[in-house]
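Read off the chains here:
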Amino acid sequence: MSLSFSSSALVVLKKRYLKKDKNGRVIESPEKMLQRVADSVARADKDFDGTADIKALAAQFYDLMSKGWFIPNSPTLMNAGRRLGQLSACFVLPVEDSIESIFDSLKHTAMIHKSGGGTGFSFSRVRPANDKVLSTAGVSSGPISFMAVFDAATETVKQGGTRRGANMAILRVDHPDIEEFIACKDDPGFLQNFNISVGLTQEFMEALEKGGDYELVNPRTRNSVKTLNAPKIFDMIVNSAWQSGEPGIIFLDRINEANPTPALGEIEATNPCGEQPLLPYESCNLGSINLGKMAEGGTLDKNRLKAVIRTAVHFLDNVVEINKYPLKEIKEQTLATRKVGLGVMGFADLLIKLGVPYDSEEAVALAHDIMSLISEESKKASAQLGEARGNFPAYAGSIYDRPETPYMRNATTTTLAPTGSISIIANASSGIEPIFAVAYTRRVLDGEKLHEFHPLFEEMAKEQGFFTEDLAKNIALEGSIQEMTNIPKEVRRLFKTSHDISPDWHVRIQAAFQKYTDNAVSKTVNFPHTATREDVEKVFKLARETGCKGVTIYRDGSRDHQVLSVASRS
Ligand code: UDP
């Protein structure tokens, strides 16, 4: 059965994905868009094998996307087979401690945003505010002031009307301006085009455990300039996150333990939503398997899943091949490691189909099962491609440079993206998040309100005889069905939304997926408005204990504006 696009999917596609003529009229159907993408991505095979059956491969790619089984990241859908041809969602750019470097990166950021990509930066190398500027005998203005410049540029470029510019700023916890950084988004109007995360180091985590001090280092002189109390800084991070949802935290030590190419340097930053740690000038192509479509008759079809994984890795490697990179340095760095990020969406839909509650040991076990399979099969697929097409050029000195893994085409194969837009296109629950709502209110053009159910809930309500005309309206008003005793208990147990799931289960599911993911996991741990600072602190610590690479929290009602908020379907 092919993908039937929902009305929300059609709105999104028409607005931002489908080709338009010079008068702004849409001149491409969603099917034609998928055909365009399939054809252009399949064509890459010709580079390696003159006799490759491109038509058959394009049909295979088309089949996967049109069934809604696998969807690549938005820039691939928007730009493949078109003049722009920029297909990656994620970039990291270097910011060195000089005006030249900072403003080069600013220009490159504008170019990337224009093409639909998101950018991440570490500002840790920039000298602190009020430090010396030798050339002018003046004083420096510090990382946060430069972030404001990137923010203003982003606001102006607005990604050529297709995507809103998104940025990630990371500052190491041992940078002298860390206190100002932690609190910089307490003012909701400041840095609206940025997500921010504090880069926690192993030294800091050790000092935190002991309740002791750690040193701040000026990146220009590499001298220690001050000591701070680790628990005090941790409290500041917790307090700001509790207040505004930011900063998030990332564990730099853990990210670098998993760095597949340590010989190329340390990883200091991630893309805007945190799921993709990258070296400076690296970019990455993502794609997601829709798990909700991997179940048949109440069981997970592992053979189908395996087949989709293999074709998806082939697809993503071809994307690396045909991508038109916005900059020479980005092309070189990306082609050296050929990182791709295969992940999932529709995990919550799958759980409902299998009758498994999200907050249960069974769901955690399933997350382990699924992601270990994706990891294993995607590595096998990448190894086969490596044998046929050659290893990624930075293979020598990488973690794969050993006799057991003689071939590897891609330095990473797995990433769990938020799938904010492609999950709307595929009508799936986003990423590995719990369902967003059981019923939605949609405003149509003339202001009339329509009430719609989560499709699986509607099916169940009709089957089990508790469907009524008013039900959707009541649920949309209430937000949660957990207290609605007219709905059977087992159904309520299955249809818990992000807000109904307790924070520790959010973390445990994230950790289960992280265990088998080369890159990182995009996940927001939701808290009710009444949550305390101690609740937030517990989750940060749990994320560390359970092997996560970072964590982002959101307390209900604490922020009106998020850079990339959970897909709102109302
Ligand atoms: N991204 C971006 N602008 C957007 C949405 C996403 O730059 O408006 C980038 C960002 O790097 C993010 C990544 O795309 O981390 C993946 O986001 P998501 O999975 O939501 O993208 P989708 O493919 O669903 O559009």
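Residues numbered from 1 in each chain as written. Predicted model: local features only at pLDDT ≥ 70, side-chain atom pairs only at ≥ 80, totals over all residues. Heavy atoms only, no water.

1. So, the site of the ligand
- Ser74, Arg163, Asn271, Thr419 and Gly420 are the nearest of the 20 residues found near the ligand.
- Here an oxygen atom of the ligand sits 3.2 Å away from a polar atom, N or O, in the main chain of Ala89.
- Within the contact set of the ligand, an oxygen atom lies 2.9 Å away from a side-chain nitrogen or oxygen of Asn271.
- Expressed as a share of its isolated accessible area of 520 Å², the protein-covered part of the ligand is 96%. (Near = heavy atom within 4 Å. Polar contact = N/O pair within 3.5 Å; in protein donor to acceptor, adjacent residues only side chain to side chain. Areas by Shrake-Rupley, 256 points an atom, 1.4 Å probe, with all protein chains shown as cover.)

2. Examining the packing of helix α5 (residues 99–114) against helix α6 (residues 143–157)
- Relative to each other, α5 and α6 sit at 25°, their axes nearing to 10 Å. One element, α5, and the other, α6, form an angle in the roughly parallel class. Here the hand of the crossing between α5 and α6 comes out right-handed. Judged by residue contacts, Ile99, Ile102, Phe103, Ser105, Leu106, Thr109, Ala110, His113 and Lys114 of α5 engage Phe146, Val149, Phe150, Ala153, Thr154 and Val157 from α6.
- Of the residues belonging to the contact of α5 with α6, the class tally is ten nonpolar, four polar and one charged. (Axes fitted to C-alpha atoms, helices over the stretch in contact; angles between N-to-C directions. Helix = DSSP H or I, 4+ residues; strand = E, 2+ residues; numbered from the N terminus. Parallel < 35°, antiparallel > 145°, perpendicular 65-115°, else oblique. Left-handed = near helix turned anticlockwise from the far one by under 90°. Contact = heavy atoms within 4.5 Å. Nonpolar A, V, L, I, M, F, W, Y, C, P; charged D, E, K, R; others polar.)

3. Regarding helix α20 (residues 533–545)
- Taking 1.5 Å of rise per residue, the 13 residues of α20 would be expected to cover 18 Å, and the 19 Å separating its terminal C-alpha atoms lies within 8% of that figure.
- Taken as a whole, α20 has its buried residues at Val536, Val539, Phe540, Leu542, Ala543 and Arg544.
- Where α20 ends, the next residue or the one after it, Gly547, has phi of about 90°, a positive value. (Expected span 1.5 Å × (residues − 1). Buried < 20%, exposed > 50% of the residue type's maximum accessible area, 1.4 Å probe, protein only.)

4. Quick look at the side chain of Lys496
- You can see Lys496 is positioned in the loop between α18 (489–494) and α19 (503–514).
- Relative accessible area serves as the criterion here: at 17%, Lys496 is assigned to the buried category.
- One polar contact links Lys496 to Asp359, side chain to side chain, over a distance of 2.8 Å.
- Setting aside chain neighbours within four positions, we find Lys496 in contact with Asp359, Pro434, Ile435, Gln482 and Ile501.

5. Quick look at the confidence of the model for the chain
- For the chain, per-residue confidence averages 94 on the pLDDT scale, and 95% of positions sit at 70 or higher.
- Confidence drops under pLDDT 50 across residues 561–570; counting only partners more than four residues distant or on other chains, this segment forms 28 contacts. (pLDDT = per-residue confidence, 0-100.)

6. Focus on the packing of aromatic side chains
- The final tally for this structure, using the stated rule, is 16 aromatic pairs.
- Ring centres of Phe123 and Phe150 lie 5.6 Å apart, and the angle between their planes is 85°; on these two criteria the pair is classed as edge-to-face. Of this pair, Phe123 sits in the loop between β3 (118–122) and β4 (132–133) while Phe150 is found in helix α6, placing the two residues 27 residues apart along the sequence. Phe150 carries the same exposure label as Phe123, and that label is buried.
- Every member of this aromatic cluster is reached through a ring pair, and the members are Phe453, Phe457, Phe466, Phe467 and Phe495.
- Cation over ring: Arg254 sits above Phe251, and NZ or CZ is 5.5 Å from the ring centre. (Phe/Tyr/Trp six-rings, centres within 6.5 Å; stacked < 30°, edge-to-face > 60°. Lys NZ or Arg CZ within 6 Å of the ring centre and 35° of its normal.)

7. Considering the pattern of salt bridges
- Across all of its chains, the model carries 32 salt bridges by this definition.
- When the shortest N-O distance is used, the salt bridge between Arg409 and Glu321 registers 3.6 Å. In this pair, Arg409 is assigned in the loop between α14 (361–389) and α15 (422–425) and Glu321 in helix α11 (residues 302–322), connecting sequence segments 88 residues apart.
- Residue classification places Arg409 among the buried positions, given a relative accessible area of 5%.
- Looking at Glu321, the relative accessible area reads 26%, which means it is partly exposed.
- A salt bridge links Lys541 to Glu537; the nearest nitrogen and oxygen atoms lie 3.1 Å apart. (Salt bridge = Lys/Arg side-chain N within 4 Å of Asp/Glu carboxyl O.)

8. What about a nonpolar patch on the surface?
- Residues Ile99, Phe103 and Val149 make up a contiguous nonpolar surface patch of roughly 240 Å² in combined accessible area.
- Tracing the chain through its elements places Ile99 in helix α5. (Patch = residues over 30% accessible without salt bridge, like charges linked within 9 Å, V, L, I, M, F, W, Y side chains within 5 Å.)

9. Structural notes on the domain arrangement of the chain
- Domain annotation of the chain identifies domain 1 (90–270) and domain 2 (439–494).
- Centre-to-centre separation of domain 1 and domain 2, based on C-alpha positions: 43 Å. (Domains from an automatic or database assignment.)

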